[in-house]
Number of protein chains: 2
Amino acid sequence: MKISIIGGGAIGLLCAAYLASKHKVTVYVRTESQRDLLREKGLTISLIDKMEKQYVSVELFENWDGSGDLTIITVKQYQLEPVMKQVKKLSNDIRALLFLQNGMGHLQAIEELTVEELYVGIVEHGVMKLDGASIRHAGVGSIQIASLPFCGRNRPSRIGERLTESSIPNFELHMQTDPIWMMQKKLVVNCLVNTLTTILEINNGKLIENAHYERLLMPFMEEITGIFEWNNDQKAVIKQYVWKVIKQTGANKSSMLKDLELGRKTEIDAILGYVLELATKKDKHAPLSAAFYEMLKGKEQEREGGI
Amino acid sequence: MKISIIGGGAIGLLCAAYLASKHKVTVYVRTESQRDLLREKGLTISLIDKMEKQYVSVELFENWDGSGDLTIITVKQYQLEPVMKQVKKLSNDIRALLFLQNGMGHLQAIEELTVEELYVGIVEHGVMKLDGASIRHAGVGSIQIASLPFCGRNRPSRIGERLTESSIPNFELHMQTDPIWMMQKKLVVNCLVNTLTTILEINNGKLIENAHYERLLMPFMEEITGIFEWNNDQKAVIKQYVWKVIKQTGANKSSMLKDLELGRKTEIDAILGYVLELATKKDKHAPLSAAFYEMLKGKEQEREGGI
């Protein structure tokens, strides 16, 4: 297939590196410097002790015209605005879109797009951007995708099926049937792991290695899943899932902690901010989410040097 | 008066240095090395840009016999046990005791002592121990003391009155009438300031300078004062008091943060642990206190190198 990838961050480059082995991939980046670097040096991906190089075509985002079979949008949720503007302008020319953002605040706006096929996905890989043309694939996971309906009616999912059928080593793609449940599961993990590791400034694994920190997980999870109004079966699934993710990524720093340490904007508003908005809408009490949110926003402000 | 001071920490040495100007003071310490250091070098106290030296008599704690007019016990709450053992043994010989611990978990045991005059006090000074024979009096405040009843009946308070009447510059002592309210007020301040500054690893002042951090104070205060079953007037008083203390000690590190950074045991159990026990007894929900408690215990464990 002809696949466009918007965004030259860790996730965008990861998708580009692996999909290029089976598809014709173009990466769309924001800056000329990254474009030139990728064109000149190729895209380097290191996985455990192996290093590989891929040459993919690279263009500036302003040249993206929506053509081809699929466009994957990998920018962060808080960077979506200019992309969505362009998406709306080109929507008649776009066949299929896949959004790979954390958080859920943007889902409603995405769901209303009139493009033919529309997917959201969650990325369960551990990946770090080393520079504009190289990434380290630190944890092999998979990507789950699901089709978003339009006005309550299912859209076709031919591209999604083709994408998930073509098997690429270390880069599995799976179709899921329930996008909301899939995104909520990921959101709960992000809330728990990103929030607590960033407040405490610890690697993910400490959340279960330190018994005191582990005792933070259940009450926080109960609060969030209460806001989502999940039943006990769903709560049991998420509990297993959270502990599994923490074990698998034990040695890693969460993305939010990395963002904080590097003085970058964190995804706190897309993640815990969304949960708090939902709690307000549903008139539910969320003392832990509110406190942890202020702690993180406060830390973010301190790292920026205060306002 | 003849005053014995048990404990050679920051508070013990602060009391010794100032009280020695009006009274005959003996400090009782645990180690021979501190005794010898104090005997040899005297007690140095630095206040702003002024440095003074006092020679007080110093003995090992094992030589304390309960004689004299007043004994001030300044060890931390979690170090009280061996002192209380000795107090009980000597209770017929002791005229008056003043306890200067944070927390409230020990109050019941103290209240049951049969000594003639019995006081608890709270220390509102900022003071740092520099070594076994010198302290820095970083913030001039005062000490509030109140008499504890025995079996519901008031004890005499002659020593307390004499102590608070004798005016010592930079070392005011005031009598209060309600020991529980006095201790609870201090406990709430300690809960809020010590807990949050230690989790966030910030100086006290940041709690009001950073608007996000400031938004942590009220919900946490509401939770604790709800457990104490305070009325709105009491809540208004404590709110003012907390903000005043934070402003006055803005540039300081809280004692708990200092303890954590130096790998020492913190007073978390005497402070937030007490609040949680009370919540359990009264069957009250305390999600913030519980979460912050685990964060601090977890941090303490990490600093100790884990178990």
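Residues numbered from 1 in each chain as written. Chains lettered and ligands numbered in written order. Predicted model: local features only at pLDDT ≥ 70, side-chain atom pairs only at ≥ 80, totals over all residues. Heavy atoms only, no water.

### Regarding the sheet that holds strand S4 (residues 50-54) of chain B
Residue and element names in this part refer to chain B.
Alright, step 1. Spatial ordering of the open sheet is given by S4-S3-S10-S9, a layout of 4 strands whose pairing is mixed. With partners counted over all chains shown, the strands left at the sheet margins are S4 and strand S9 (126-131), one partner each. For this sheet, the mean angle separating the axes of adjacent strands, direction not counted, is 20°.
Alright, step 2. The pairing of strand S3 (residues 43-47) with S4 spans 5 bridges and is classified as antiparallel. (Pairing = 2+ DSSP bridges. Helix = DSSP H or I, 4+ residues; strand = E, 2+ residues; numbered from the N terminus. Axes fitted to C-alpha atoms, helices over the stretch in contact; angles between N-to-C directions.)

### Considering the relation of the copies chain A and chain B
Alright, step 1. When chain A is fitted to chain B, the residual RMSD is 0.0 Å, and the transformation amounts to a turn of 180° plus an axial shift of 0.0 Å. Given the turn and translation reported, the copies of this chain are related as if by a two-fold rotation axis. Within chain A, the C-alpha atom positioned nearest to the axis of rotation is that of Leu 288 of chain A, 3.1 Å from it.
Alright, step 2. Mapped onto chain B, 100% of the interface residues of chain A again fall at the interface, so both copies present the same surface. (Least-squares fit on C-alpha atoms with pLDDT ≥ 70 in both. Contact = heavy atoms within 4.5 Å.)

### Comments concerning the pattern of salt bridges
Alright, step 1. A full pass over the atoms with the stated rule returns 39 salt bridges over all chains.
Alright, step 2. Across the pair Asp 36 of chain B and Arg 35 of chain B runs a salt bridge, and its minimum N-O distance is 3.1 Å.
Alright, step 3. One salt bridge connects Glu 229 of chain B with Lys 284 of chain B, and the closest N-O pair in it is separated by 3.5 Å. Taken as a pair, Glu 229 of chain B in the loop between helix H8 (211-228) and helix H9 (232-248) and Lys 284 of chain B in the loop between helix H11 (268-281) and helix H12 (287-303) lie far apart in primary sequence, 55 residues in all.
Alright, step 4. Three or more residues are tied together by salt bridges with common partners; here these are Lys 76, Asp 259, Arg 264 and Glu 267 of chain A. (Salt bridge = Lys/Arg side-chain N within 4 Å of Asp/Glu carboxyl O.)

### Some thoughts on the side chain of Ser 91 of chain B
Residue and element names in this part refer to chain B.
Alright, step 1. As for its position among the elements, Ser 91 is in the loop between helix H3 (80-89) and strand S7 (96-99).
Alright, step 2. Judged by relative accessible area, Ser 91 falls into the buried class, the value being 14%.
Alright, step 3. Excluding residues within four positions of it along the chain, Ser 91 makes contact with Thr 114 and Val 115. (Buried < 20%, exposed > 50% of the residue type's maximum accessible area, 1.4 Å probe, protein only.)

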